[in-house]
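Observations on the model geometry
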Amino acid sequence: MRKPFIAGNWKMNTDAAGAAALASGLVKALAEVTTVDVAVCPPFVYLQTVAKALDGSAIQLGAQDVYFQNNGAFTGEISCAMLKDVCCKYVIVGHSERRHIIGESDELINKKAAAVIASGLHVILCVGELLEEREAGKTKTVVAEQVKKGLAGVTAEQMKSVTIAYEPVWAIGTGRNATPEQAQEVHAMIRGLLAELYGNAVAGQTRIQYGGSAKPANTAELMANPDVDGLLVGGASLKVEDFAAMVKTVA
Ligand code: PGA
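So, here is what we can say about the structure in this document. Note that the coordinates shown come from a computational prediction; the quantities given were computed from them, not determined experimentally. (Residues numbered from 1 in each chain as written. Predicted model: local features only at pLDDT ≥ 70, side-chain atom pairs only at ≥ 80, totals over all residues. Heavy atoms only, no water.)

**Focus on the pattern of salt bridges**
Close approach of charged atoms lets side chains of opposite charge pair. Rules: For this analysis, a salt bridge means a side-chain nitrogen from Lys or Arg found within 4 Å of a carboxyl oxygen belonging to Asp or Glu. Burial classification: accessible surface area is computed with a 1.4 Å probe over protein chains only, and a residue below 20% of its type maximum counts as buried, one above 50% as exposed, and the rest as partly exposed.
In total, this model carries 15 salt bridges according to the counting rule given. For Asp106, the salt bridge goes to Arg99, with nearest N and O atoms at 2.8 Å. Each member of the pair, Asp106 as well as Arg99, is classed as buried. Through salt bridges with shared partners, a single ionic network connects Arg2, Arg191, Asp227 and Asp229.

Here is the structure:
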């Protein structure tokens, strides 16, 4: 069975003291939890601070992005080796804010995903449709395309290093989450696509998170879906109380 996986995406939030306090608070609040994989993804500059606060706990560290080259003249970028060096285990790739605000393409996202996997880190590949795409009935086509392009060249064996996060763009940070039915429909489609691409065994073992206004009040109903294996949480991951409540609901 797939172990539930809840990750907090802190985005461009917190400061050094706040990041340390949030991480320490979660360590304390979630000390007894063993049945859910938990990760937090702070801004790059606080990774080491948070790593220190998480030391000895089961909560894992993740990064919000990465560049696909190993090192060299890439001003402002961060490599997988650097993330490993500061104890990261996970890397979010293809988040909708990077696709739609920064302008990342599926091709770039694919290179990043491949680099993360090759480095031995675990990738959380985000996909999701815009509101106008949903209204035009294009949700499945858009999401399937993002999954296929994001995973281009990734082998069945490498899929153990992959989590998919379905995050409808219209639900991110809006307070308007997808209904459990809407989430399940797309998650089932993604799992079907993974079965086509990699076979049933890989499809059955790959975790698919939901993201987009996930909060304590909707955690149980979203997680009750057979193909929702976890959550990628933005806003609600910034409060110890909320994020811990979500993890405990799932546990
Ligand atoms: P949200 O963000 O929970 O604040 O909607 C989710 C995400 O962008 O990962």
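**Thoughts on the side chain of Ser119**
Keep this limit in mind: Runs of E in the DSSP output that reach at least two residues are strands. Runs of H or I that reach at least four are helices, and both are numbered from the N terminus. Whether two residues touch is decided by their heavy atoms; if any such pair falls within 4.5 Å, the residues are in contact.
In this structure, Ser119 sits in the loop between α5 (106–118) and β5 (122–127). Exposure remark for Ser119: the relative accessible area of 17% places this residue in the buried category. If sequence neighbours within four positions are ignored, Ser119 has contacts with Cys80 and Lys84.

**Observations regarding the sheet that holds strand β4 (residues 90–93)**
Quick note on the threshold: Whether two strands pair depends on DSSP finding at least two bridges between them. Axes, fitted as lines to C-alpha atoms, cover a helix only where it is in contact. Angles between the N-to-C directions of the axes lie from 0 to 180 degrees.
Strand order around the closed barrel formed by eight strands is β1-β2-β3-β4-β5-β6-β7-β8, with parallel pairing between neighbours. Each adjacent strand pair in this sheet contributes to an overall mean axis angle of 25 degrees, direction not counted. As judged from the five bridges shared by strand β1 (residues 5–9) and strand β2 (residues 37–41), these two strands associate in the parallel manner. Bridge pairing in β2 links Gly8 to Val40.

**Focus: the packing of helix α1 (residues 16–29) against helix α11 (residues 240–250)**
Each pair of packed helices can be summarised by the angle the axes make with each other and by the distance between the axes. Where we set the bar: Crossings are assigned a handedness: left-handed for a near helix turned anticlockwise from the far helix by less than a right angle, right-handed for a clockwise turn. Just so you know the grouping, Ala, Val, Leu, Ile, Met, Phe, Trp, Tyr, Cys and Pro go in nonpolar, Asp, Glu, Lys and Arg go in charged, and all remaining residues, Gly too, go in polar.
Orientation of α1 relative to α11, taken along the N-to-C sense of each, is 35 degrees, at an axis distance of 10 Å. Here α1 runs over α11; the crossing is right-handed. Of the residues in α11, those touching α1 at Leu22, Gly25, Leu26 and Ala29 are Val240, Phe243, Ala244 and Lys248. Counted by class, the contact of α1 with α11 contains six nonpolar, one polar and one charged residues.

**Overview of the site of the ligand**
Rules: One heavy atom within 4 Å of a molecule or strand makes the whole residue count as near it. The definition of a polar contact used here is a pair of N or O atoms within 3.5 Å, where within protein one atom must be able to donate a hydrogen and the other to accept one, and adjacent residues in sequence count solely through side-chain atom pairs. Accessible surface is estimated by sampling points in the Shrake-Rupley manner with a 1.4 Å probe; for residues, cover comes only from the protein chains shown.
Close to the ligand lie 13 residues; Lys11, His95, Glu167, Gly173 and Ser213 are nearest. In the environment of the ligand, an oxygen atom lies 2.8 Å from a nitrogen or oxygen atom belonging to the backbone of Gly234. Between the ligand and Gly235, the relevant distance is 2.8 Å, taken from an oxygen atom to a main-chain nitrogen or oxygen of the residue. For the ligand, whose free accessible area comes to 280 Å², the fraction covered by protein is 94%. Looking at the shell around the ligand residue by residue, the classes come out as four nonpolar, seven polar and two charged.

**With respect to the packing of α5 against helix α7 (residues 139–150)**
Rules: Should an angle lie under 35 degrees it is considered roughly parallel, over 145 roughly antiparallel, and from 65 to 115 roughly perpendicular; all remaining angles are considered oblique.
Between α5 and α7, the least distance of the axes is 8 Å, while the angle of their chain directions is 45 degrees. Between α5 and α7, the angle falls in the class oblique. Residue-level contacts link Asp106, Glu107, Asn110 and Ala113 of α5 to Gln146, Lys149 and Gly150 of α7. Residues of the contact of α5 with α7, tallied by class, amount to one nonpolar, three polar and three charged.

**A closer look at the environment of Val27**
Assignment of secondary structure puts Val27 in helix α1. With 26 residues separating them along the chain, Val27 and Ala53 place their C-alpha atoms 7.9 Å apart. Not counting residues up to four positions away in its chain, the partners in contact with Val27 are Ala53, Leu54, Ser57 and Ile59.

**Comments concerning helix α8 (residues 180–198)**
For the record, the criterion: Multiplying 1.5 Å by the residue count of a helix minus one yields the expected span of that helix.
Look at α8: 26 Å from first C-alpha to last across 19 residues, which is about the 27 Å you get at 1.5 Å a residue. Following α8 by one or two positions, Gly199 has its phi on the positive side, about 95 degrees.

**Looking at the packing of aromatic side chains**
Quick note on the threshold: Centre distance within 6.5 Å is the pairing criterion for rings of Phe, Tyr and Trp, where only the six-membered ring of Trp is used; planes under 30 degrees apart are then read as stacked, over 60 as edge-to-face, and the remainder as tilted.
Summed over the entire model, instances satisfying the criterion amount to four aromatic pairs. The interplanar angle of 40 degrees and the centroid separation of 4.6 Å between the aromatic rings of Tyr67 and Phe68 together place this pair among those described as tilted. An aromatic cluster is built from Tyr67, Phe68 and Phe74, whose rings are joined through pairwise contacts.

**Focus on the environment of Val93**
Within the fold, Val93 resides in strand β4. Linking Val93 and Ala201, residues 108 residues apart in sequence, is a C-alpha distance of 24 Å. Beyond its immediate stretch of four places on either side in the chain, Val93 contacts Val66, Ile109, Lys112, Ala113, Val116, Val123, Ile124, Leu125 and Cys126.

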